[in-house]
Amino acid sequence: MLKIGITGGIGSGKTTVCKVFETLGIPVFYADTVAKQIMITDEILVKGVKDAFGKESYTNNGALNNKHIAAIVFNDANKLAKLNELVHPAVFRAFDNWVKDIPASVPFILKEAALLFESGSYRMCDKNILVIAPEEIRLQRVIQRDGVTAEQVKARMDKQMSDEEKIKLADYTIYNNETDSLIIQVIRLNQMFLNMH
Ligand SMILES: CC(C)(COP(=O)(O)OP(=O)(O)OC[C@H]1O[C@@H](n2cnc3c(N)ncnc32)[C@H](O)[C@@H]1O)[C@@H](O)C(=O)NCCC(=O)NCCS
Ligand SMILES: Nc1ncnc2c1ncn2[C@@H]1O[C@H](COP(=O)(O)OP(=O)(O)OP(=O)(O)O)[C@@H](O)[C@H]1O
């Protein structure tokens, strides 16, 4: 079974691309979603997050206070490094456990992660896909999706590797703009991975 990493800058459309792969029957591990789940369920991680970012990191009923943590880490490089240091090893372990349960008949799986290249986890994948969209479109899509300001989105963009750097590390690119068809690009890659396996 091939392990395919998929990434892209904030708002590039990596989750949208993964949803298309899912309609073709491909299992997807959503690292960002799992990260937020284990930040609630893993007791050691919960303690680490509270120690680093304060008790306000969780609401009274134990939910993650994303806004509180985001306001700290996307304005302080050291705090962001601390958060990544706490969360990423736990996400790597969760991925390894998830892969173990995938039936051998599955030809390939996708690992969707915002920080695939930054965290080094792309090295554990057989091939890696980069989703690219123009910065202005990404900005507008995230403002609309999350109801946040342009400054908040730009603060996250600034913490991510540039597309120029990511292209050097990627095996394939998907262009999620207004001219190239996303579905045709996904179908082509799907066929290629089926032929590889
Ligand atoms: C800081 C948190 C609480 C903000 O939560 P929020 O719901 O606002 O954002 P969400 O997790 O849905 O991420 C949205 C996008 O923000 C960007 N982003 C998230 N975490 C990071 C990060 N550590 N560094 C740079 N960009 C990031 C990505 O483009 C991501 O797709 C959350 O992102 C988090 O816990 N991040 C740390 C875990 C992590 O590194 N996740 C990403 C890869 S596993
Ligand atoms: N081709 C497209 N046409 C119109 N809207 C799109 C397209 N691709 C993505 N979107 C929308 O743009 C927003 C961002 O897409 P998506 O959530 O897939 O990006 P992402 O890369 O996973 O973002 P993040 O890094 O924030 O997790 C979503 O609201 C999605 O519905």
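Our structure's up above, just so we're on the same page.
Source: prediction; values computed, not measured.

*Asks:* It is not clear to me how the nonpolar core should be interpreted in this structure. Could you clarify?
*Replies:* A general feature of soluble globular proteins is that nonpolar side chains tend to end up buried together. By size, the foremost hydrophobic cluster in this structure holds 35 residues, and its most contacted members are Phe29, Met39, Ile69, Val73, Leu83, Val87 and Val91. Contributing elements (two or more residues each) for this core: α2 (31-41), α3 (43-53), α4 (66-73), α5 (77-100) and β4 (127-132). By residue number, the principal contributor to this core is α5, which donates 8 residues. Summarising the domain contributions, this core has at least three residues from each of domain 1 (1-27 + 108-197) and domain 2 (31-101). If sequence neighbours within four positions are ignored, valine 87 has contacts with Ala35, Met39 and Leu45. Counting 20 residues, the second largest nonpolar core, distinct from the first, contains Ile6, Cys18, Phe108 and Leu110.

*Asks:* Whenever I open this one, the sheet that holds strand β2 (residues 28-30) confuses me. Can you help?
*Replies:* The strands that make up a sheet pair up through hydrogen bonds in the backbone, lying either parallel or antiparallel. Spatially, β2-β3-β1-β4-β5 is the arrangement adopted by the 5 strands of the open sheet, whose pairing is parallel. Of all strands in the sheet, those with a lone pairing partner are β2 and β5 (172-175), marking the two edges. Put simply, the sheet's adjacent strands are angled 25 degrees from each other on average, direction ignored. Summarising the sheet, β4 and β5 pair through 4 bridges and their orientation is parallel.

*Asks:* Honestly, the packing of helix α1 (residues 14-23) against helix α9 (residues 182-196) in this entry has me stumped. Any pointers?
*Replies:* The packing of two helices is summarised by the inter-axis angle and the distance between the axes. Contact geometry of α1 with α9 gives a least axis separation of 10 Å together with a crossing angle of 55 degrees. The orientation of α1 relative to α9 falls into the category oblique. For the element pair α1 and α9, the recorded crossing hand is right-handed. Each of Thr16, Val17, Val20 and Phe21 in α1 lies in contact with α9, whose residues at this interface are Leu182, Ile183, Val186, Leu189 and Asn190. Its residues assigned to classes, the contact of α1 with α9 shows 7 nonpolar, 2 polar and no charged.

Cut-offs used in this document
Residues numbered from 1 in each chain as written. Chains lettered and ligands numbered in written order. Predicted model: local features only at pLDDT ≥ 70, side-chain atom pairs only at ≥ 80, totals over all residues. Heavy atoms only, no water. Core = buried A, V, L, I, M, F, W, Y, C linked by side-chain atoms within 4.5 Å. Buried < 20%, exposed > 50% of the residue type's maximum accessible area, 1.4 Å probe, protein only. Helix = DSSP H or I, 4+ residues; strand = E, 2+ residues; numbered from the N terminus. Domains from an automatic or database assignment. Contact = heavy atoms within 4.5 Å. Pairing = 2+ DSSP bridges. Axes fitted to C-alpha atoms, helices over the stretch in contact; angles between N-to-C directions. Parallel < 35°, antiparallel > 145°, perpendicular 65-115°, else oblique. Left-handed = near helix turned anticlockwise from the far one by under 90°. Nonpolar A, V, L, I, M, F, W, Y, C, P; charged D, E, K, R; others polar.

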